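# Breakdown of the fold
Now for the letters of each chain:
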Amino acid sequence: MPPGGSGDRRLDLLVEYFSGLVIGGRGDLARGRHLYSLRALDALWDPDGVLRLPYRPSRNPGAFLAMTFDLVGDACYGYSLLLDGGGGASELLATRVSAHVRARLQAPWSRLVAELDRLGLPHLGAMLAGFVPAMLRRSPASGLPAELTRLRSWMTPAQTEAFDPEAHMAGLSFATVLRLLGWEGGSSVRSGREQHPTGGDLRALLRRKLDRPWAAALRLTRHPTWLDVLAGMPVPAEDLAAQRGEHDFAVAYSLATDAPAPGRRWDAPEPFVAEAGREEFVFLTGRGAEEEAVRRTTRLERWGASLVFPEAYALVDASLVDTPELRLLHAGGGWRAAIAEAEDALAALRSEFIQRVAAELVKAVDPGPTDRGTPGEEAVA
């Protein structure tokens, strides 16, 4: 394709689209929820894990890859932090983000697999390493077979003999993979839809599969201690403790779990938030229109876990109020140090609890139409 041709224009549009998702656009504050969905899939695709999800995004692979590319780039390279640290999306910072996005789009698609490993999502990366070639070969939407036919039509017999389609496929840029899978960026932003509709569909699928078994396992925990409470939270306690800042448990818990319906916003009671510290809690969790800048700064930490686990988090919320010995989680408590000190005990309890979830998952009976694909599952699968 000569310079200035349709290939260059298509790449420019992709750069504009992905850069715009980071710099500003509708659905900006859902980015953390999308990232949480990817982390949940990584855990469920762990071959040594107890919980399994035999799901692959084969019905709209381009949209899933685009969401993964966008969120992994932001989390791995700190696009949001760069922009927020510079006081907003200045022209210089926006140009730096766009240049980096362009380089990633032009790199071989396997770079995304390496980025997932770097981000601590190796099972998602391993899935994509096999999934992308499979979709390019077999997806009805794939343009690769036609492209290979076209390439061979230009070759001499010797070139045809030496041509390695597997090596060709491995060297395709990420932008080319999106094109060959029939995905066009920009339509969702221009139409006013959320950034990644496939993310919402994916959370609906996870909610159908996991929320009730998780809640059932929580109900089996009798007379829980503070470690039992932490071990039964859908978001692992160590992930809460790893959040930026030295805030109280209430702030980390709210950032990780608050979400619009069917999720919930945690009404943190005393003594998790002292009355004198209520205003600071409201500010740090970005509640209210005046805290828009705070919500943007913490957008990748807003995992919205109660969207996936509404029933389970209703039970966890109740246990936070009803369980004795929770002083370390109260305002001013040394909850991060306590979690670090109890690492081995917490891991053992977590393992036992996940086994109970797995048992409840086996017992769960989905109706036939759901197993074949509900409307939400069809949109993401």
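Our subject is the structure listed above.
Residues numbered from 1 in each chain as written. Predicted model: local features only at pLDDT ≥ 70, side-chain atom pairs only at ≥ 80, totals over all residues. Heavy atoms only, no water.

Scanning the chain for helices and strands turns up 24 helices and zero strands. Here the chain, with 381 residues, has 49% of them falling under the buried criterion. In the chain, the proportion of contacts linking residues at least 24 apart, taken out of those at least 6 apart, comes to 76%. With an accessible surface of roughly 17,700 Å², the chain has 55% of that area assigned to carbon and sulfur atoms. (Helix = DSSP H or I, 4+ residues; strand = E, 2+ residues; numbered from the N terminus. Buried < 20%, exposed > 50% of the residue type's maximum accessible area, 1.4 Å probe, protein only. Contact = heavy atoms within 4.5 Å. Areas by Shrake-Rupley, 256 points an atom, 1.4 Å probe, with all protein chains shown as cover.)

Moving on, we come to the packing of aromatic side chains. By the definition in use, this model includes 15 aromatic pairs. When the centroid spacing of 6.3 Å and the interplanar angle of 25° are considered together, the rings of Y77 and Y79 count as stacked. Assessed through its relative accessible area of 25%, Y77 is described here as partly exposed. Relative accessible area serves as the criterion here: at 4%, Y79 is assigned to the buried category. Taken together, the ring pairs in this structure connect F249, Y253, W266, F272, Y313 and W335 into an aromatic cluster. (Phe/Tyr/Trp six-rings, centres within 6.5 Å; stacked < 30°, edge-to-face > 60°.)

A volume near 1,300 Å³ is recorded for the largest pocket. Lining of the largest pocket is provided by 49 residues; of these, R39, A43, P236, E238 and D239 occupy positions nearest its centre. Contributing elements (two or more residues each) for the lining of the largest pocket: α2 (31-44), α3 (61-77), α4 (79-85), α13 (197-219), α14 (226-231), α15 (237-241), α21 (335-341) and α22 (343-363). Here the lining of the largest pocket is built from residues that sort into 29 nonpolar, nine polar and eleven charged. (1 Å grid on protein atoms, 1.4 Å probe; cavity = no way out; pocket = protein on both sides within 12 Å on 5 of 7 lines; lining within 4 Å. Points joined across faces, edges and corners; volume = space filled by probe spheres on them. Nonpolar A, V, L, I, M, F, W, Y, C, P; charged D, E, K, R; others polar.)

Let us now look at α2. With 14 residues, α2 should reach 20 Å at 1.5 Å per residue; the first-to-last C-alpha distance of 20 Å fits that figure. The element α2 is extensively covered by neighbouring structure, given that twelve of its 14 residues are classed as buried. Every buried residue of α2 is accounted for by R31, G32, R33, H34, L35, Y36, S37, L38, A40, L41, D42 and L44. (Expected span 1.5 Å × (residues − 1).)

Cis geometry marks the peptide bond from A261 to P262; its omega dihedral reads 10°. Looking along the chain, the bond that leaves E270 and enters P271 is cis, with omega of 10°. Residue position: P271 is located in the loop between α16 (249-257) and α17 (278-284). At H223, a residue that is not glycine, the phi angle is positive and equals roughly 50°. With respect to the helices, strands and loops of the structure, H223 is situated in the loop between α13 and α14.

With that out of the way, let us pick up the packing of α3 against helix α7 (residues 122-138). α7 packs onto α3 with a crossing angle of 145° between their chain directions and a minimal axis gap of 12 Å. In this structure, α3 meets α7 at a crossing whose hand is left-handed. In this structure, α3 contributes P61, F64, L65 and T68 to the contact, and α7 contributes L124, M127, L128, F131, V132 and M135. (Axes fitted to C-alpha atoms, helices over the stretch in contact; angles between N-to-C directions. Left-handed = near helix turned anticlockwise from the far one by under 90°.)

The next thing to look at is the side chain of H34. Structurally, H34 can be placed in helix α2. We classify H34 as buried; its relative accessible area is 0%. Polar side-chain contacts of H34 include one of 3.2 Å to the side chain of R203. (Polar contact = N/O pair within 3.5 Å; in protein donor to acceptor, adjacent residues only side chain to side chain.)

Looking now at helix α20 (residues 310-322). The end-to-end C-alpha separation of α20 is 19 Å, in line with the 18 Å expected for 13 residues at 1.5 Å each. When we look at burial in α20, the residues that qualify are A312, Y313, V316, D317, S319 and L320. Take α20 and look down its axis: the buried residues cluster within an arc of 165°, on one side only. Turned more than 90 degrees away from the buried face of α20 sit V321 and D322, all of them exposed. In this structure, the buried side of α20 is in contact with α13, α14, α16 and α19 (305-308). (Arc of directions from axis to C-beta.)

This next bit is on the nonpolar core. With 107 residues, the main nonpolar core has F18, F64, L105, M233, F249 and L320 as its most contacted residues. Broken down by element, this core gets its largest block of residues, nine residues, from α3. Apart from residues no more than four positions distant in its own chain, F18 is found in contact with A66, F69, D70, V101, L105, L178 and W183. (Core = buried A, V, L, I, M, F, W, Y, C linked by side-chain atoms within 4.5 Å.)

Let us now look at the pattern of salt bridges. Per the stated rule, a full pass over the model turns up 13 salt bridges. Note that E115 and R111 form a salt bridge whose closest N and O atoms lie 3.1 Å from each other. Remark: R111 and E115 occur in helix α6 (residues 110-118); sequence separation between them is four residues, near one turn of the helix. The salt bridge involving D258 is made with R264; its shortest N-O contact spans 3.2 Å. You'll find D258 and R264 in the same group, each marked buried. Linked by salt bridges that have partners in common, D258, R264, R287 and D317 make up one network. (Salt bridge = Lys/Arg side-chain N within 4 Å of Asp/Glu carboxyl O.)

Another point: the packing of α13 against α20. Orientation of α13 relative to α20, taken along the N-to-C sense of each, is 30°, at an axis distance of 7 Å. It follows that α13 is roughly parallel to α20 by the angle criterion. Residues R207, D211, R212, W214, A215, L218 and R219 of α13 lie in contact with α20, whose contacting residues are P310, E311, A312, L315 and V316. Residues belonging to the contact of α13 with α20 are distributed by class as follows: seven nonpolar, no polar and five charged. (Parallel < 35°, antiparallel > 145°, perpendicular 65-115°, else oblique.)

Bringing the side chain of R336 into the picture now. Along the chain, R336 turns up in helix α21. Buried and without a salt bridge, R336 has E246 as its closest oppositely charged side chain, separated by 4.4 Å. (Lys, Arg positive; Asp, Glu negative; His and termini not counted.)

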